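Examining the three-dimensional arrangement
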Amino acid sequence: MLSILKNTWYAAAYSHELGEGTLARTLIDQKAVLFRDSHGEAAMILNRCPHRFAPLSAGRIIDDTLECPYHGLRFNRDGECVLNPHSKTKAGLPAANIRAWPLLERYGIIWFWPGDPAKADPALLPVIDFLEQPDDYAVVRGLLHVKGHYELVVDNLLDLSHAAFIHPQFSGGNYTPEQLLAATTQRLERGDRWITNHRIRSGLGPSSAHVGLFGMDPKVVVETDTTMTWHPPAMLDFKLGSWEVGQPRESGAHIPQLHIITPETEFTSHYFFVNGRNRRRDEPEVDQALLDFFDMAFRQQDEPMIEMVQENMGAVSDINELNPILLATDTAPVSARRMLADLIARERAEEATASLNAPRAPAEMAH
Ligand code: FES
Ligand SMILES: [Fe+2]
């Protein structure tokens, strides 16, 4: 079963994916459809008409509503059936109301809240520094579909020791995994709702991207920051940058990134990545070169590994059920998994208490 934290923001789509038409996407085991109203505000409702279960994504957007393509019921952004063409008055049909999700559009991403709508507070979306500074960073975006449980993708990002083995291009290809690991120091910092894995590599050369795209001298000795901050359930704020040893950090080439994983189903995930850069910001060929660089790393190297891992785990989505051996580099992913499990357990306990305390309907009380 897919186990998730409900009262939190998840990425549904990039803003640019939602134009004038509808967008159908399965998110956390629910078929959803996104559309924009006449003010351009995004809405997300269940992509299944309650009449004969037609996909509303195949319908038309009319007057801020979505019309079912099969028999014409119309639904507004709150999922209310506001027009029934088969009744004399054309009035809405409350019995046909469907689920709608609270949305938030920020950082070029449409976020949805699968939990209690009354708790959907925009202030709970973590602040991502580089996306708050659009003048200082150019940004490119990508979206992958991974055949693996979402926490396997988080594990991958929180234990970057794998880079020495499956991303040799990050180090310019000039070092052995042993040299890379020996030059790297890590320190874990925990907050009440975040974990930061500080990771600095010192005394080696720059990555191939820093040399090829940002003109760093391959012979110069650099500090490389690969610090990752995890926000539950699956958002990673990644500081990636290199600067010459002895120079200030600001003098370097920085490629900060946001990675967000949204479960599609128990065994598949949507993987959104947003990459900034503080150098060569106005050059479209650098946009493409970075997309190619990350396509190589994430789609051709990480994604197949995560999929093979899931394949090897069979029909198990929680890796802890299979008693994995732990290494020193697992501290961050293990801590994140524990924190997420605690948050989910707390949320479930609160839900159970709330339903016990909820006033019962009069009919129920009569029995
Ligand atoms: S299936 Fe939607 S109105 Fe009939
Ligand atoms: Fe990776």
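Residues numbered from 1 in each chain as written. Chains lettered and ligands numbered in written order. Predicted model: local features only at pLDDT ≥ 70, side-chain atom pairs only at ≥ 80, totals over all residues. Heavy atoms only, no water.

Another aspect to go through is the overall build of the protein chain. Secondary structure assignment for the protein chain yields 7 helices and 18 strands. Projecting the C-alpha coordinates of the protein chain onto the three principal axes gives extents of approximately 80 × 50 × 35 Å. Within the protein chain, the proportion of its 367 residues that are buried is 50%. Considering only intrachain contacts with a sequence separation of at least 6, the fraction spanning at least 24 residues in the protein chain is 58%. Per element, the accessible surface of the protein chain, about 18,000 Å² overall, is 53% carbon and sulfur. Positive and negative side-chain charges of the protein chain, numbering 34 and 49 respectively, have mean locations separated by a distance of 4 Å. (Helix = DSSP H or I, 4+ residues; strand = E, 2+ residues; numbered from the N terminus. Buried < 20%, exposed > 50% of the residue type's maximum accessible area, 1.4 Å probe, protein only. Contact = heavy atoms within 4.5 Å. Areas by Shrake-Rupley, 256 points an atom, 1.4 Å probe, with all protein chains shown as cover. Lys, Arg positive; Asp, Glu negative; His and termini not counted. Charge placed at Lys NZ, Arg CZ, Asp CG, Glu CD.)

The relative placement of two packed helices is expressed as an angle between their axes plus a distance between the axes. One can describe the packing of helix α1 (residues 150–158) onto helix α6 (residues 331–357) by two numbers: an axis separation of 8 Å at closest approach and a directional angle of 140°. With respect to each other, α1 and α6 are oriented oblique. For α1 against α6, the interelement crossing comes out right-handed. From α1, Tyr150, Glu151, Leu152, Asp155 and Leu158 reach across to α6, where they touch Ala332, Pro333, Ala336, Arg337 and Leu340. (Axes fitted to C-alpha atoms, helices over the stretch in contact; angles between N-to-C directions. Parallel < 35°, antiparallel > 145°, perpendicular 65-115°, else oblique. Left-handed = near helix turned anticlockwise from the far one by under 90°.)

Before going further, it helps to spend a moment on the sheet that holds strand β2 (residues 23–27). The 3 strands lie next to each other as β2-β3-β4, forming an open sheet whose pairing is antiparallel. Of all strands in the sheet, those bounded by a partner on one side alone are β2 and β4 (42–46). Direction aside, the axes of adjacent strands within the sheet are offset by 30° on average. (Pairing = 2+ DSSP bridges.)

Once that is clear, we can look at the packing of α1 against helix α5 (residues 284–313). Their axes nearest at 10 Å, the elements α1 and α5 cross at an angle of 130°. In terms of orientation, α1 lies oblique with respect to α5. Taken as a pair, α1 and α5 cross one another with a handedness that is right-handed. Where α1 abuts α5, its residues Leu152, Val153 and Asn156 lie against Asp302, Ile306, Val309, Gln310 and Met313. Of the residues assigned to the contact of α1 with α5, the class counts are 5 nonpolar, 2 polar and 1 charged. (Nonpolar A, V, L, I, M, F, W, Y, C, P; charged D, E, K, R; others polar.)

The calculated volume of the largest pocket comes to roughly 700 Å³. Around the largest pocket, the lining is made up of 23 residues, and of these Asp155, Asn156, Asp159, Ile319 and Asp330 lie nearest the centre. Breaking the lining of the largest pocket down by element, the ones donating at least two residues are α1, α2 (163–166), α5 and α6. For the lining of the largest pocket, the per-class residue count stands at 14 nonpolar, 5 polar and 4 charged. (1 Å grid on protein atoms, 1.4 Å probe; cavity = no way out; pocket = protein on both sides within 12 Å on 5 of 7 lines; lining within 4 Å. Points joined across faces, edges and corners; volume = space filled by probe spheres on them.)

Attention now moves to the coordination of the iron ion (ligand 2). For the iron ion (ligand 2), the full set of protein donor atoms is His162 (NE2), His167 (NE2), Asp302 (OD) and Asp302 (OD), at a range of 2.1 to 2.3 Å. Around the iron ion (ligand 2), the 4 donor atoms sit at angles spanning 58 to 143°, and that spread fits a shape best called irregular. (Donors = N, O, S within 2.8 Å, 3.2 Å for Na, K, Ca; no water. Tetrahedral: all angles 85-135°; square planar, octahedral: opposite > 155°, others 65-115°.)

Before going further, it helps to examine the side chain of Thr229. On the secondary structure map, Thr229 appears in strand β14 (residues 222–231). Looking at Thr229, the relative accessible area reads 13%, which means it is buried. For Thr229, the residues in contact, after removing those within four places along its chain, are Trp194, Ile195, Thr196, Met235, Leu236 and Asp237.

Looking at where Leu46 falls in the secondary structure, it is placed in strand β4. Between the C-alpha atoms of Leu46 and Ser57, which are 11 residues apart in sequence, the distance is 9.4 Å. In this structure, Leu46 is in contact with Gln30, Lys31, Val33, Leu56, Ile98, Arg99 and Trp101, ignoring residues within four places of it in sequence.

This paragraph deals with α5. Its 30 residues place the ends of α5 41 Å apart at the C-alpha level, agreeing with the 44 Å of an ideal helix rising 1.5 Å per residue. Along α5, the helix axis deviates most sharply at Asp302, where the bend reaches about 35°; the proline Pro304 sits within four residues downstream. The first or second residue beyond α5 is Gly314, which carries a positive phi of 65°. (Expected span 1.5 Å × (residues − 1). Bend = angle between axes of the 7 residues up to and from the residue.)

Domain boundaries in the protein chain define domain 1 (10–122) and domain 2 (128–345). Each partner contributes residues to the interface: domain 1 has 17 residues there, and domain 2 has 19 residues. Between domain 1 and domain 2, the buried area comes to about 1,400 Å², and carbon and sulfur atoms account for 66% of it. It is Tyr10, Tyr14 and Tyr107 in domain 1 that bury the most area against domain 2; as a group they hold 46% of the surface buried on that side. On inspection of domain 1 and its partner domain 2, the count reaches 0 salt bridges. Taken together, the connections running from domain 1 to domain 2 amount to 10 residue pairs in polar contact (both at pLDDT 80 or more). Mapped onto the side of domain 1 that touches domain 2, the elements with two or more residues apiece are β1 (10–14), β2 and β10 (109–112). It is β1 that provides the largest number of residues to the side of domain 1 that touches domain 2, a total of 5 residues. Residue classes in the side of domain 1 that touches domain 2 are distributed as 11 nonpolar, 3 polar and 3 charged. (Domains from an automatic or database assignment. Buried area = accessible area lost by both parts, 1.4 Å probe. Salt bridge = Lys/Arg side-chain N within 4 Å of Asp/Glu carboxyl O. Polar contact = N/O pair within 3.5 Å; in protein donor to acceptor, adjacent residues only side chain to side chain.)

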